Structures are given as structure tokens and as C-alpha cells.
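Residue-level structure breakdown
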Amino acid sequence: EDQVTQSPEALRLQEGESSSLNCSYTVSGLRGLFWYRQDPGKGPEFLFTLYSAGEEKEKERLKATLTKKESFLHITAPKPEDSATYLCAVQGHTGTASKLTFGTGTRLQVTL
Amino acid sequence: EAQVTQNPRYLITVTGKKLTVTCSQNMNHEYMSWYRQDPGLGLRQIYYSMNVEVTDKGDVPEGYKVSRKEKRNFPLILESPSPNQTSLYFCASSLWRGGDTDTQYFGPGTRLTVL
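Residues numbered from 1 in each chain as written. Chains lettered and ligands numbered in written order. Predicted model: local features only at pLDDT ≥ 70, side-chain atom pairs only at ≥ 80, totals over all residues. Heavy atoms only, no water.

Observations regarding the state of the cysteines
Per the counting criterion, the structure on display carries two disulfides over all chains. Between the sulfur atoms of A:Cys23 and its disulfide mate A:Cys88 the distance is 1.9 Å. On the S-S bond that ties A:Cys23 to A:Cys88, the torsion sits near -65 degrees, and the link is left-handed. With A:Cys23 in strand S3 (residues 19-26) and A:Cys88 in strand S9 (residues 84-92), this pair connects stretches of sequence that are 65 residues apart. The class of A:Cys88 is buried, set by a relative accessible area of 0%. Across the disulfide, B:Cys23 is cross-linked to B:Cys91 (sulfur-sulfur distance 1.9 Å). (Disulfide = S-S within 2.5 Å. Helix = DSSP H or I, 4+ residues; strand = E, 2+ residues; numbered from the N terminus. Buried < 20%, exposed > 50% of the residue type's maximum accessible area, 1.4 Å probe, protein only.)

Below you can see the structure in the form of C-alpha cells.
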């Protein structure tokens, strides 16, 4: 069974204080690892898809990296508007390819 | 604008009163799915559909029904809601590429309370 564990559960940063969020996963054949951002009361907003170990993707202050066991979401010089819950999900070969298995998220708060 | 829409956004109902939550997408996606999100449990898949008239169970299908009669619509039906179905529900859609889903795009959510 595919599993995703995200850490920390919550993270409080000051504006400009860079940090990383972790997503550890076990999956039977990785088809894709996805990062989403979710604001309170809203639907998850797609950020990145990573397909193979060593792959990296960047968008503004965010950079996602992937190894065979985990993914990191690096946040450089965060701003208050980066405050949100960040979700990681994997799509594996187990069962059908239609399934996404989500972690419970990291709740990020960026203060002035 | 490409989007997934859900209605209603908020619903308070009573045990046993049948309800339907609608989901519609305008991206011509083959694949659609329903998730529920509960504190500490993350997003869990309820049902999914790979195309019109093709649906299958996800991880937590008990107490739910779905139908896919048109490509753009994928309603979620609770025939006899119970309080343990109080949750935040999301519909998602994506392309279906030869056995794989592409990136899934989510609707804004429906907050359901069953008294």
C-alpha cells in the first residue's frame, strides 16, 4: 500500500527565513509525485509534478526536489502570502494508476 | 477560464435526507474523482471515473454513489447521509493518458454537515 508522510506538521517562519518541507513516501513503482498548496477552505492548487529521482522544479520562491525515498519543497526567502498548507501526493503502480495517495500536509505560517 | 466547479459550496442537512453534490469541469478531461478531507486523515478518494459510464470505487466508497452520464459532469450522491459523512468534499479532474492520470485539478470544495 502506498504511503506518504509529511514533516513537520506545522512550521512557523519569519519573512525571509528559508526552510524545507519533507515528504517521505513508499510506493510500488512511482508514476509521479505531486505538490499542492491549499489555502483554508479552498481546493488544493497544483504546484509541481516530479517523475524521477534527481528531478527538480522551481516556481518563484519554491523549489521541489525528488529522491527515491523522499521529496523536499524548499522555500527561499518566504513572504506572508506563502502561508498555506502544502500537500504531497504520490501516484504509484499499486492497484490502478488513477489513485493519488496524499499526506496530511505541512501547515506553513510566515510572519513579518 | 479552465476550472472545476462544485455546488453547493456549503450544505447542512439531517440524517437520512438524500442529497447530491454536483461537479462540472470545462477542460474536456476524461478522468474525474471525488475526495473527502478530514482533519488528521488527509485527502481520501471516494470514487473515480475514467470516462463516461466508467466508474470505480476508491478507498472510502461506503455510503456514496456516483454517475458519469456526460463527460463534463460527475455528481456525488449520498442516498442516506449519516453524521460520519460530515466532511469537506473535493472533486478533481485530469486527462487520462494511456492508463495514467495527468495532473489532477481540484474544485473549490463542498463543506457538508450532517446533523
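A few points about the pattern of salt bridges
Residue and element names in this part refer to chain B. Considering all chains together, one arrives at nine salt bridges over all chains under this definition. Between Glu 79 and Lys 65 there is a salt bridge, with its nearest N and O atoms 3.3 Å apart. Within this pair, whereas Glu 79 is found in the loop between strand S8 (76-78) and strand S9 (87-94), its partner Lys 65 is found in strand S7 (residues 65-66), the two being separated by 14 residues in sequence. Using a relative accessible area of 39% as the deciding quantity, one classes Glu 79 as partly exposed. When its relative accessible area of 41% is taken as the criterion, Lys 65 is described as partly exposed. Here the salt bridges do not stand alone but share partners, grouping Lys 18, Lys 65 and Glu 79 into one network. (Salt bridge = Lys/Arg side-chain N within 4 Å of Asp/Glu carboxyl O.)

As for the environment of B:Tyr48
Residues and elements named next belong to chain B. Looking at where Tyr 48 falls in the secondary structure, it is placed in strand S5 (residues 42-51). Judged by relative accessible area, Tyr 48 falls into the buried class, the value being 3%. Sequence-wise, Tyr 48 and Asp 38 are ten residues apart; in three dimensions their C-alpha atoms are separated by 19 Å.

Some remarks on the sheet that holds strand S7 (residues 62-66) of chain A
Residue and element names in this part refer to chain A. If you walk across this open sheet you meet the five strands as S1-S3-S8-S7-S6, and the pairing is antiparallel. Looking at strand neighbours, the two that pair on one side only are strand S1 (3-7) and strand S6 (56-59), the edges of this open sheet. Across the sheet, the axes of successive neighbouring strands diverge by a mean angle of 15 degrees, strand direction being ignored. The pairing of S3 with strand S8 (residues 70-75) spans six bridges and is classified as antiparallel. Bridging across to S8, Asn 22 finds its partner in Phe 72. (Pairing = 2+ DSSP bridges. Axes fitted to C-alpha atoms, helices over the stretch in contact; angles between N-to-C directions.)

A word on the interface of chain A and chain B
Counting residues at the interface gives 21 residues for chain A and 24 residues for chain B. Around 1600 Å² of area is buried between chain A and chain B when both sides are counted, 50% of it from carbon and sulfur atoms. The interface formed by chain A and chain B includes zero salt bridges. Where chain A touches chain B, the interface holds three residue pairs in polar contact (both at pLDDT 80 or more). Broken down by secondary-structure element, the contributors of at least two residues to the side of chain A that touches chain B are strand S4 (30-38), strand S5 (45-50) and S9 of chain A. Looking at the side of chain A that touches chain B residue by residue, the classes come out as nine nonpolar, nine polar and three charged. (Contact = heavy atoms within 4.5 Å. Buried area = accessible area lost by both parts, 1.4 Å probe. Polar contact = N/O pair within 3.5 Å; in protein donor to acceptor, adjacent residues only side chain to side chain. Nonpolar A, V, L, I, M, F, W, Y, C, P; charged D, E, K, R; others polar.)

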